[in-house]
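# Analysis of the macromolecular model
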Amino acid sequence: QVQLVESGGGLVQPGGSLRLSCAASGSIFSINDMGWYRQAPGKQRELVATISSGGSTNYADAVKGRFTISRDNAKKTVYLQMNSLKPEDTAVYYCNADIRPSTTIRLRLYWGQGTQVTVSS
């Protein structure tokens, strides 16, 4: 059973920083793209950033220059360093990953349970 578990959310003042982590565990043969999404109250879930297995990154315009996505393939973990946080960054942050559990099972998209990030003074 594959699981993604996020950590690192919390309450931070505007201008502050947080680092989110998302670790994959279970039966895993390979991991392709990994990413972070967020969902604010009353809004649809939106892309924050993605990273390929080779390290290529993609960011939403709203977070470019402030957020950095990275991954540690040995630890099966993806990170999101968030700097210069704004109140509009407040949301539940979800990680996802394209994972192939074994050589006989095709790629599947898995999601974490989400972690709350609140930016407020």
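Here we summarise the structure given alongside this text. (Residues numbered from 1 in each chain as written. Predicted model: local features only at pLDDT ≥ 70, side-chain atom pairs only at ≥ 80, totals over all residues. Heavy atoms only, no water.)

### Describing the packing of aromatic side chains
Within this structure, the stated rule accounts for one aromatic pair. Judged by centre distance (5.2 Å) and plane angle (65°), the rings of Tyr 37 and Trp 111 are edge-to-face. With Tyr 37 in strand β4 (residues 30-39) and Trp 111 in strand β10 (residues 108-111), the pair connects residues that are 74 residues apart, well separated along the chain. In this structure Trp 111 comes out as partly exposed when scored by relative accessible area, which is 35%. Lying over the aromatic face of Tyr 94, Arg 45 brings its terminal NZ or CZ to 3.7 Å of the ring centre. (Phe/Tyr/Trp six-rings, centres within 6.5 Å; stacked < 30°, edge-to-face > 60°. Helix = DSSP H or I, 4+ residues; strand = E, 2+ residues; numbered from the N terminus. Buried < 20%, exposed > 50% of the residue type's maximum accessible area, 1.4 Å probe, protein only. Lys NZ or Arg CZ within 6 Å of the ring centre and 35° of its normal.)

### Quick look at the sheet that holds strand β1 (residues 3-7)
Taken together, four strands build an open sheet; the order of strands is β1-β3-β8-β7 and the sheet is antiparallel. Edge strands, defined here as strands with exactly one partner in the open sheet, are β1 and β7 (67-72). Averaged over all pairs of adjacent strands, the angle between strand axes in this sheet comes to 15°, irrespective of strand direction. Sheet topology note: the β1/strand β3 (residues 18-25) ladder contains five bridges and is antiparallel. From the neighbouring strand, Glu 6 faces β3, where its bridge partner is Cys 22. (Pairing = 2+ DSSP bridges. Axes fitted to C-alpha atoms, helices over the stretch in contact; angles between N-to-C directions.)

### Description of the layout of surface pockets
If you add up the space inside the largest pocket, you get close to 180 Å³. If you go around the largest pocket, you meet 13 residues; those closest to its centre are Arg 38, Ala 40, Lys 43, Glu 46 and Glu 88. In terms of residue class, the lining of the largest pocket is made up of four nonpolar, two polar and seven charged. (1 Å grid on protein atoms, 1.4 Å probe; cavity = no way out; pocket = protein on both sides within 12 Å on 5 of 7 lines; lining within 4 Å. Points joined across faces, edges and corners; volume = space filled by probe spheres on them. Nonpolar A, V, L, I, M, F, W, Y, C, P; charged D, E, K, R; others polar.)

### Topic: the environment of Asp 33
Its location among the elements puts Asp 33 in strand β4. Asp 33 gets classed as partly exposed once you look at its relative accessible area, which sits at 40%. As a C-alpha pair, Asp 33 and Ile 51 span 18 residues in sequence and 5.7 Å in three-dimensional space.

### Some remarks on the environment of Tyr 93
Examined against the element boundaries, Tyr 93 turns out to sit in strand β9 (residues 91-100). Between the C-alpha atom of Tyr 93 and that of Gln 13, which follows or precedes it by 80 residues, the distance is 17 Å. When residues no more than four places from it in sequence are discounted, the contact partners of Tyr 93 are Glu 6, Leu 20, Trp 36, Tyr 37, Arg 38, Val 48, Phe 67, Leu 80, Met 82, Gly 114, Thr 115 and Val 117. At 2.9 Å, the side chain of Tyr 93 forms a polar contact with the side chain of Arg 38. (Contact = heavy atoms within 4.5 Å. Polar contact = N/O pair within 3.5 Å; in protein donor to acceptor, adjacent residues only side chain to side chain.)

### Regarding the nonpolar core
Counting residues in hydrophobic clusters, the biggest one holds 32 residues, and the most contacted among them are Trp 36, Leu 80, Met 82, Tyr 93 and Ile 99. Secondary-structure elements contributing two or more residues to this core are β3, β4, β5 (46-51), β7, β8 (77-82), β9 and β11 (115-119). Top element by residues in this core is β9. It accounts for five residues. (Core = buried A, V, L, I, M, F, W, Y, C linked by side-chain atoms within 4.5 Å.)

### Looking at the pattern of salt bridges
The full count for this structure, using the stated rule, is four salt bridges. One salt bridge in this structure joins Glu 46 and Arg 38, with 2.7 Å as the shortest N-O distance. Residue class for Arg 38 comes out buried when judged on its relative accessible area of 6%. Asp 89 is the salt-bridge partner of Arg 38, the closest N and O atoms lying 2.9 Å from each other. On the criterion of sequence distance, the pair formed by Arg 38 in strand β4 and Asp 89 in the loop between β8 and β9 is long-range, its members being 51 residues apart. No difference in accessibility class separates Arg 38 from Asp 89, as the two residues are buried. Put simply, Arg 38, Glu 46, Arg 66 and Asp 89 are held in one network by salt bridges that share partners. (Salt bridge = Lys/Arg side-chain N within 4 Å of Asp/Glu carboxyl O.)

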